[in-house]
Amino acid sequence: LLAAGEGHAGAYWSYSEPRGMLGVVDRSQLLRIIDKTGQLLYRVQLPAEGTTIFLGWEKSGAVLAAVQRLGGAFLWFPARPENVQQWEGMQFSTKVLKNSLVKRNSHFDTCFACWSDAGKLMLGLADGNFAIWDLGSNETFMSRTHFPGKHRNAITCGAWTPDGTSLALGSATQLKVSAPIANASWEGTAAKLDLAAGVSGGFQKVSFSSDGRMLAAFAGSSVFRSLGIYSVKEGGVAKNGAMRVLTPVGEVKPSPSLGSLQAALWLGPFTLAVVCASGRVKLLQYLRHEDFFTLTEESCAVTEAGVVTAAVLATGHVAIAHCSKVALWDPVGKRTVQEVALPKAPKDVRLTALEHTPDLLLVSRSDGSVLSQPLPLLEYVDHQRMVVGDADAAASEEAAAGLGPVQPSLLLEVSAAEGASSRPNMTPLAHCYSPTLRKLAVVNSDSKLLVFGADKAVLLQNPLPLASCVYLRFDPRSGKNLAVALRGSGVALWNGETSGHLNMWTGMTREGGLFKRSSSAKQKEFDPTTACWSMAGQLAVGMQDGSFAVWDSVSSQVSTSGRSGKHSSPVTAGDWRTSLFAPALALASTSTIKVSRGFEAAEWGSTALKLKLPKRSAGGSMKSLPGRAKADVEGLHFSALKFSGGGRHLAVLAAPTSAPRLTQVILYEIQAESEALVASREYVGDGVSGAPFEVSWSGELLVIFSRTDSGGSIRTIRSMPGAVEPSWPPDPRDAPGMMTCGGLSPRGLVAAAFACGERGEVLLFGLPALEPLGKISTPGVPSDLQLHAPTEASRHTLSVAFDGGGVQVWEV
């Protein structure tokens, strides 16, 4: 339809099937109207100094809108081809544009635009407001005049409900959905992003499901963007009308097996297809209950890698575009039915966009060309017949992508004599490693903190208070901030990038309504019992008195537990739910787990749950548990607590307070906006398989490490029963020795350490089948190990500490 040419690259284009016309605006701001044979029909010069940000036809083809950054909207009517109207602010220009310039309106700074199916054109503005023009009534209105609740930042994306009555708008960190535009209220509708200050990549693209009751939103930066899924429901009445409430119900993140997320396509009210660069399609199907959703997922291999974009055709098929072809995929039968070949592109020319009509595919390329290809005849696909398979199998397959036999190489070794000492009846050796900085930190039995460089040079040597070290880790966000939590003494913080002095955090000072970190002896001293880093660089510290504090390493701000967040007994375990859309902190104490809600403040209302230890069965077993957990009379001690990869499940390692050796694993499903935990499965060890002592997630697949006096075992379980759940070894007595510790990386590499006399062995496995990948012989009995997933510049790293002292760091 349009040949490549100078000035065409980066052009905006839109095709109207009812009119059979293609609109194109190139870099010179020349608007051209071309018919479906490629013949030029009309040309109009828009203000040359302007910058076009949108070109789109109204659904019926009655009008074409070209929107410039500072010029408002230029409206071209096929019924009056010689006229172009300019919409500038609250009024239309009285001048008629006939191949001449109209002065740009600098007060109408437009960032985004979109049409509704009902003929309403919305312009999102840089000041957070928006404007709407209704083709049917020719009325216009602005949000600054008619609506409360404008965005704090420029509008970056938006979408209309299919019936054209409600509008969703996104900005840097906010997503809002209006009630019907005729009586709109934005109160209580804001969803937010957990985006650090100065970090780019806010909300980018949003889309409603077919009935407007669900919403998908892309957010993040470049190929690392994630997809958040929300439910949209009525939430009461505000002063200006009914409120809409957004509730996060899911999230899809890019991964090594999926690649970047290229498109999110609704296949009905509650089914979403996420098309990925790797050629895979991830299907998500929600089942709505009275106050919560259940989700099933499936990952389908559709075509080869290199996917650019995708669209849903009128027949229900999904068109998945590469640079050289478009695959037509049947989401019900889960098969590619045909492929449409595209003409060979010149070198370094890539496909940029895809549109379609009932009988045509239209694609554009980076050289400015627009191609038209006929669609083959296809039978209609009924999306209501779709059945989505098991999520856990897909998640574990993705996690294990790229794992193979390992070739370990020793990176660093520090002996007990060199500072990594561990003496009997004293504080055991603690260690952690930062692959980012290639630095090893240890707290030895003499309560001394030492940090070693890659060449084993001592970078920091600092005596600590004589106290038990309950936590020692570099933050996973940057790998540069080190936290050391000490019982009765507070938290030591060290910046590994600047290699400055060690800072002790021992109390809080309240200044101007804000809590600030304080080291003053006059303040109430911290007595940490547990701590955990989030992927966003936030450190949560649980205290002996049931309170907690959170320090943000990026902003250096501190928040503390309010009355609803404080526990009545010591905090024993905690974990963060990593999410761009709905982050949360879970903390456990005796018989109680609390899950936070909210961003600016930790909102803990109605989340305190008394949890009961289910009845123990004879022998190791796995059960499904219906209903909600109730209060336990004797008390339940939680020693570990972990969110699943998708954040929908919580695994806990628990034991009765009266019998701490009788540990078991309980899986809870998080429901009703984190207001309910429903126990779904449990795993109880026995004398043969051993007692569970460690749990870790890979996606929605849980790995459980158990030990006996002379052996140990690894068991995998899924959040929902039914699929195969491998374990190792076939007989726990076949283990090389007593299992001492275990670990799992997010990429699906499992490590288990064993005591073999005075020496040790670390065995490595791959998920989901627990396939043996290799082993490492160690000079001492391992007491602790940590696995780090690969970064762009390295492979897995494995650090191991030993009973008699010393630490080794391996690259795997």
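Quick caveat, the model's predicted, so the values are computed rather than measured.

**Focus on the overall build of the chain**
And then number 1: Summing up its helical and strand segments, the chain has 2 helices and 67 strands in all.
And then number 2: Out of the 812 residues belonging to the chain, those deemed buried represent 58%.
And then number 3: Within the chain, contacts between residues at least 6 apart in sequence are counted, and of these 47% link residues at least 24 apart.

**Considering the packing of aromatic side chains**
And then number 1: Per the stated rule, a full pass over the model turns up 9 aromatic pairs.
And then number 2: Through pairs of rings, three or more aromatic residues link up here, namely Tyr42, Trp57 and Trp76.
And then number 3: Its guanidinium or amino end placed over the ring of Phe77, Arg80 lies 4.6 Å from that ring's centre, counting from NZ or CZ.
And then number 4: Taking the ring centre of Phe218 as reference, the NZ or CZ of Arg225 above it sits at 3.8 Å.

**Here's the deal with empty space enclosed by the protein**
And then number 1: Enumeration according to the criterion identifies 2 cavities of 30 Å³ or more in this entry.
And then number 2: Roughly 30 Å³ of internal volume is contained in the second largest cavity.
And then number 3: Lining the second largest cavity, in full, are Leu31, Leu46, Leu64, Ala66, Phe74, Leu75, Trp76 and Val84.
And then number 4: Those elements that provide at least two residues to the lining of the second largest cavity are β6 (64–68) and β7 (72–77).
And then number 5: The biggest single contributor to the lining of the second largest cavity is β7, with 3 residues.
And then number 6: Grouping the constituent residues of the lining of the second largest cavity by class yields 8 nonpolar, no polar and no charged.

**Focus on the side chain of Asn481**
And then number 1: Relative to the assigned elements, Asn481 resides in strand β39 (residues 481–486).
And then number 2: Residue Asn481 is classed as buried on the basis of its relative accessible area of 12%.

**Focus on the pattern of salt bridges**
And then number 1: Considering all chains together, one arrives at 16 salt bridges under this definition.
And then number 2: One salt bridge in this structure joins Arg69 and Asp109, with 2.6 Å as the shortest N-O distance. Here the residue Arg69 occupies a position in the loop between β6 and β7, and Asp109 occupies one in the loop between β9 (91–92) and β10 (110–115), the gap between them amounting to 40 residues.
And then number 3: By relative accessible area, Arg69 is classed as partly exposed at 37%.

**Some points on the sheet that holds strand β34 (residues 430–434)**
And then number 1: Pairing is antiparallel across the open sheet formed by 4 strands, whose spatial order is β34-β35-β36-β37. Because the sheet does not close on itself, it has two edges, and the strands there are β34 and β37 (458–463). For this sheet the average axis-to-axis angle between neighbouring strands, irrespective of direction, equals 10°.
And then number 2: In this sheet, strand β35 (residues 439–443) lies alongside β34 in antiparallel orientation, the contact comprising 5 bridges. Counterpart to His431 in the pairing with β35 is Val442.

**A short note on the sheet that holds strand β12 (residues 130–134)**
And then number 1: In spatial order, the strands read β10-β11-β12-β13; together these 4 strands make up an open sheet with antiparallel pairing. A single partner strand is all that each edge strand has here, and the edge strands are β10 and β13 (140–142). Averaged over all adjacent pairs, the angle separating strand axes in this sheet is 15°, with direction ignored.
And then number 2: Two strands pair when backbone bridges link them, and β12 and β13 are joined in this way by 3 bridges, in the antiparallel orientation. Counted as the bridge partner of Ile132 is Phe141 from β13.

**What to know about the environment of Leu40**
And then number 1: If you trace the backbone, Leu40 turns up in strand β4 (residues 40–45).
And then number 2: Relative accessible area serves as the criterion here: at 39%, Leu40 is assigned to the partly exposed category.
And then number 3: With 39 residues separating them along the chain, Leu40 and Leu1 place their C-alpha atoms 9.7 Å apart.

**Side note on unusual backbone geometry**
And then number 1: Residues Trp728 and Pro729 are joined by a peptide bond in cis, for which omega reads -10°.
And then number 2: Examined against the element boundaries, Pro729 turns out to sit in the loop between β60 (727–728) and β61 (738–744).
And then number 3: Non-glycine residue Asn138 carries a positive phi angle of around 60°.
And then number 4: Take Asn138: it is sitting in the loop between β12 and β13.

**A few points about the pairing of strand β22 (residues 261–266)**
On any regular strand, side chains alternate: one points to one face of the sheet, the next to the other face.
And then number 1: Counting buried residues along β22, 5 of its 6 residues qualify, which places the element largely inside the surrounding structure.
And then number 2: One ladder, built from 5 bridges, connects β22 with strand β23 (residues 271–276); its direction is antiparallel. By the bridge assignment, Ala263 is partnered in β23 with Val275.

**Some details on the side chain of Gln68**
And then number 1: Tracing the backbone through its elements, the reader meets Gln68 in strand β6.
And then number 2: Owing to a relative accessible area of 0%, Gln68 belongs among the buried residues under this scheme.

**Here we look at the environment of Val665**
And then number 1: Summarising the element assignment, Val665 is placed in strand β55 (residues 664–671).
And then number 2: Here Val665 falls in the buried class, since its relative accessible area comes to 0%.
And then number 3: In the structure, Val665 is positioned 27 residues away from Pro692 in sequence and 7.1 Å away in space, judged by C-alpha atoms.
And then number 4: Contact partners of Val665, with chain neighbours within four places excluded, come to Val652, Leu653, Arg681, Glu682, Tyr683, Pro692, Val695, Leu702 and Ile704.

**Examining the confidence of the model for the chain**
And then number 1: Within the chain, residue pLDDT values average 82, and 82% of them lie at 70 or more.
And then number 2: When the elements of the chain are averaged for pLDDT, strand β51 (residues 609–610) gives the smallest value, 38, and strand β26 (residues 309–312) the largest, 97.
And then number 3: Low pLDDT (under 50) marks residues 93–104, which in the prediction has 36 contacts with non-local residues, meaning those over four places away or in another chain.
And then number 4: Note that pLDDT drops below 50 for residues 599–633; the model gives that stretch 107 contacts with residues more than four away or on any other chain.

**A look at the environment of Leu764**
And then number 1: Mapped onto the secondary structure, Leu764 falls in strand β63 (residues 759–766).
And then number 2: Sequence spacing of Leu764 and Val406 is 358 residues, and the spatial spacing of their C-alpha atoms is 8.2 Å.
And then number 3: When sequence neighbours within four positions are dropped, the list of residues in contact with Leu764 reads Val406, Leu749, Val750, Ala751, Glu771, Pro772, Leu773, Gly774, Leu798 and Val812.

Parameters and conventions
Residues numbered from 1 in each chain as written. Predicted model: local features only at pLDDT ≥ 70, side-chain atom pairs only at ≥ 80, totals over all residues. Heavy atoms only, no water. Helix = DSSP H or I, 4+ residues; strand = E, 2+ residues; numbered from the N terminus. Buried < 20%, exposed > 50% of the residue type's maximum accessible area, 1.4 Å probe, protein only. Contact = heavy atoms within 4.5 Å. Phe/Tyr/Trp six-rings, centres within 6.5 Å; stacked < 30°, edge-to-face > 60°. Lys NZ or Arg CZ within 6 Å of the ring centre and 35° of its normal. 1 Å grid on protein atoms, 1.4 Å probe; cavity = no way out; pocket = protein on both sides within 12 Å on 5 of 7 lines; lining within 4 Å. Points joined across faces, edges and corners; volume = space filled by probe spheres on them. Nonpolar A, V, L, I, M, F, W, Y, C, P; charged D, E, K, R; others polar. Salt bridge = Lys/Arg side-chain N within 4 Å of Asp/Glu carboxyl O. Pairing = 2+ DSSP bridges. Axes fitted to C-alpha atoms, helices over the stretch in contact; angles between N-to-C directions. pLDDT = per-residue confidence, 0-100.

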